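# Architecture at a glance
One-letter residues, chain by chain:
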Amino acid sequence: AADQLRSHLKAGEPVELFWFSTGSPALVEIAAAAKPQAIMLDAQHGLWTREGLEWTAGQLEGRVPLLIRTTDLGAPAVTSALDAGAIGVLAPMVETADQALAFVAAARFAPEGRRSGGGIRPLKSDFARYYMESRAQTVVGVMIETRAALENVEQIAAVPGLDFLFIGTGDLALSMGEFPVPSPAYEAALTHVREVAAAAGLPCGIFTGDEVDARRRIKEGFSIAVSANDISVVAKGFATAAPLRDTG
Ligand code: 3PY
Ligand code: MG
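In this report, the structure presented in the accompanying data block is examined. (Residues numbered from 1 in each chain as written. Chains lettered and ligands numbered in written order. Predicted model: local features only at pLDDT ≥ 70, side-chain atom pairs only at ≥ 80, totals over all residues. Heavy atoms only, no water.)

## Some points on the layout of surface pockets
This is how the line gets drawn: Using a 1 Å grid laid over the protein atoms alone, points where a 1.4 Å probe fits but cannot get out form a cavity; open sets with protein on both sides within 12 Å along at least 5 of 7 lines form a pocket; any residue with an atom within 4 Å of a point counts as lining. Grid points are joined across faces, edges and corners, and a volume is the space filled by probe spheres set on the points. Runs of H or I in DSSP of at least four residues are treated as helices and runs of E of at least two as strands, each being numbered from the N terminus. Any residue outside Ala, Val, Leu, Ile, Met, Phe, Trp, Tyr, Cys, Pro, Asp, Glu, Lys and Arg is labelled polar, Gly included; the first ten of those are nonpolar and the last four are charged.
If you add up the space inside the largest pocket, you get close to 610 Å³. Forming the walls of the largest pocket are 26 residues, and the residues nearest its centre are Glu 61, Gly 85, Ile 87, Tyr 130 and Glu 133. Elements that contribute at least two residues to the lining of the largest pocket include exactly helix 1 (2-10), helix 3 (50-60), helix 6 (120-123) and helix 7 (127-137). Broken down by element, the residue count for the lining of the largest pocket peaks at five residues, all from helix 7. Class assignment for the residues of the lining of the largest pocket results in 12 nonpolar, six polar and eight charged. Of the pockets and cavities examined, the second largest pocket occupies roughly 250 Å³. The wall of the second largest pocket is formed by 14 residues, among which Trp 19, Asp 42, His 45, Arg 69 and Phe 207 lie closest to the centre.

## Points about the sheet that holds strand 8 (residues 224-229)
Across a sheet, paired strands are connected by hydrogen bonds in the backbone, their directions being either parallel or antiparallel. Note the cut-off: Strands were regarded as paired on the criterion that DSSP finds at least two bridges between them. Working convention: axes come from line fits to C-alpha atoms, limited for helices to the stretch in contact. Angles between N-to-C directions cover 0 to 180 degrees. It only takes one pair of heavy atoms within 4.5 Å for two residues to be counted as in contact.
If you trace the eight strands once around the closed barrel, you get 1-2-3-4-5-6-7-8, paired in parallel fashion. Averaged over all pairs of adjacent strands, the angle between strand axes in this sheet comes to 30 degrees, irrespective of strand direction. In terms of strand pairing, strand 7 (residues 204-206) meets strand 8 through two bridges, oriented parallel. Looking at the pairing, Ile 206 lines up with Ala 225 of strand 8. Here helix 2 (residues 25-32) sits on the sheet in contact with strand 1 (15-20) and strand 2 (38-42), set at roughly 150 degrees to strand 1.

## Concerning the coordination of the magnesium ion (ligand 2)
How we decide: Distances decide who is a donor: an N, O or S atom must be within 2.8 Å of the metal, or within 3.2 Å for Na, K and Ca. Water is not included, so sites may look incomplete. To sort residues, take the accessible area from a 1.4 Å probe on protein chains only and compare it with the maximum for the residue type: under 20% means buried, over 50% means exposed, and anything in between is partly exposed.
At this site the magnesium ion (ligand 2) is bound by Glu 145 (OE) and Asp 171 (OD), with donor distances of 2.0 to 2.2 Å. Taken as a pair, Glu 145 in the loop between strand 5 (139-144) and helix 8 (147-151) and Asp 171 in helix 10 (residues 169-175) lie far apart in primary sequence, 26 residues in all. Under the relative-accessibility criterion, Glu 145 is labelled buried at 2%.

## Side note on helix 4 (residues 75-84)
In terms of burial, helix 4 is a largely internal element, eight of the 10 residues being buried. Among the residues of helix 4, those classed as buried are Ala 77, Val 78, Thr 79, Ser 80, Ala 81, Leu 82, Asp 83 and Ala 84. Each element contacted by the buried residues of helix 4 is listed here: helix 3, strand 3 (66-69), strand 4 (88-91), helix 5 (97-107), helix 6 and helix 7. Looking one or two residues beyond helix 4, the residue adopting positive phi is Gly 85, at roughly 125 degrees.

Keep in mind that these numbers describe shape and distance, not what the molecule does.
Pasting the structure below:
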């Protein structure tokens with residue numbers, strides 16, 4: 001599953017993600033039956049505990065590639081995500097090349113980086129094999145979602161060992177003063193990030209709210225988009241049950 005995701009990204013083929021914030025391994029299990037191309041657990045804003053990451057990664061192992069958006073840029077956040085069994089990590093709020101460089105180093109074992117070896121899942125059978133596979137397959141992305149990141153996006157995209165950029169549309173709009181009603185300057189910024197990524201040979205992802213939005217962005221040339229997130233799907237599902245109460 002892991003090598004598939006990496007080769008999709010390398011070939012510039014689109015990847016549609018399911019995104020999870022509620023911290024529920026059960027919801028992920030239900031959603032995985034729909035066979036998404038990859039799953040993202042949001043440890044930054046979501047309710048994921050370390051055990052939740054661990055159990056969820058366990059049930060997806062070998063079936064669906066798992067990515068984790070880390071709580072922050074620190075090495076402990078990266079370590080707990082990858083030790084749990086994620087095959088890739090996404091860094092929130094990266095604003096400089098130095099931050100991206102440190103994040104990549106935390107996610108990759110030596111000689112490429114300085115990731116610490118350990119964790120229940122990596123050690124459970126054959127750590128030598130895990131080490132080799134991780135070096136070949138781990139994917140590392142950073143989010144471009146502030147004004148400062150936009151200013152530094154060329155330097156960030158040039159960081160060695162980076163596999164993709166990913167635009168946080170909500171935070172970017174907030175940071176640019178383009179929320180809640182974005183102007184053409186905001187759309188131009190999205191295009192600019194995508195073009196900078198392409199020039200650096202990197203795929204560019206973007207946060208989207210649903211399948212329609214995801215397809216539209218992929219048509220524009222984005223490589224990764226979010227076709228469903230658990231909060232919206234569950235809210236929409238329950239909303240359809242509400243009118244029944246009015247008929248009684
Ligand atoms: C954003 O839109 O800012 C994100 O980080 C995606 O949740
Ligand atoms: Mg964000």
